[in-house]
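# A look at the structure
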Amino acid sequence: MLRIDALPSPDAESVFPGLTELPMPPPLEPGMMLDGYRILRELHASPTSQLYLALDTESGQQVALKTPSVNFEDDPVIWSGSAKKNGSAAASTARTS
């Protein structure tokens, strides 16, 4: 069961121009840390993104963490489109219940 409590409303004018300057997250493995999230396991992988079960180390809640695929790390068009679709540059999260 997945419940999304809230999503941020990023301002496209201030977020999107700098997306290609942000680093791609590395391929994630169980136990790795990314921005305060401990990766528990991969849930799904596609040619354009990966979905992981992760633990928010601050709140203790499990979250779904979606990252763009490293297959496109040098393609700013894909990178920018993924971030626009996901609402953030590095990853999108959703709380699990």
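Residues numbered from 1 in each chain as written. Predicted model: local features only at pLDDT ≥ 70, side-chain atom pairs only at ≥ 80, totals over all residues. Heavy atoms only, no water.

On to the overall build of the protein. Broken down by element type, the protein carries two helices and five strands. Residues counted as buried form 28% of the 97 residues belonging to the protein. Sequence separation of 24 or more characterises 45% of the internal contacts of the protein that already satisfy a separation of 6 or more. (Helix = DSSP H or I, 4+ residues; strand = E, 2+ residues; numbered from the N terminus. Buried < 20%, exposed > 50% of the residue type's maximum accessible area, 1.4 Å probe, protein only. Contact = heavy atoms within 4.5 Å.)

Residue placement: Ser-49 occurs in strand 3 (residues 49-56). Since its relative accessible area comes to 10%, Ser-49 is described here as buried. Look past the residues within four positions of Ser-49 in its chain and what remains in contact with it is His-44, Lys-66, Thr-67, Pro-68 and Ser-69.

Let us now look at the pairing of strand 4 (residues 62-68). The element strand 4 is extensively covered by neighbouring structure, given that five of its seven residues are classed as buried. The antiparallel hairpin formed by strand 3 and strand 4 contains five residues in its connecting segment, where Gly-60 sits at a positive phi of about 80 degrees. (Pairing = 2+ DSSP bridges.)

Turning our eyes to something else, we now look at the nonpolar core. Nonpolar side chains tend to gather and get buried jointly when the protein is soluble and globular. Among the nonpolar cores identified, the biggest contains eight residues, and these are Leu-28, Leu-34, Tyr-37, Ile-39, Tyr-52, Ala-54, Val-63 and Leu-65. Put simply, the parts of the chain that give this core at least two residues each are strand 2 (37-45), strand 3 and strand 4. Residues contacting Tyr-52, with those up to four places away along its chain left out, are Leu-28, Ile-39, Arg-41, Glu-42, Leu-43, Val-63, Ala-64, Leu-65 and Thr-67. (Core = buried A, V, L, I, M, F, W, Y, C linked by side-chain atoms within 4.5 Å.)

Glancing now at unusual backbone geometry. A positive phi angle, close to 50 degrees, is found at Asp-35, a residue other than glycine. Here Asp-35 is to be found in the loop between strand 1 (33-34) and strand 2.

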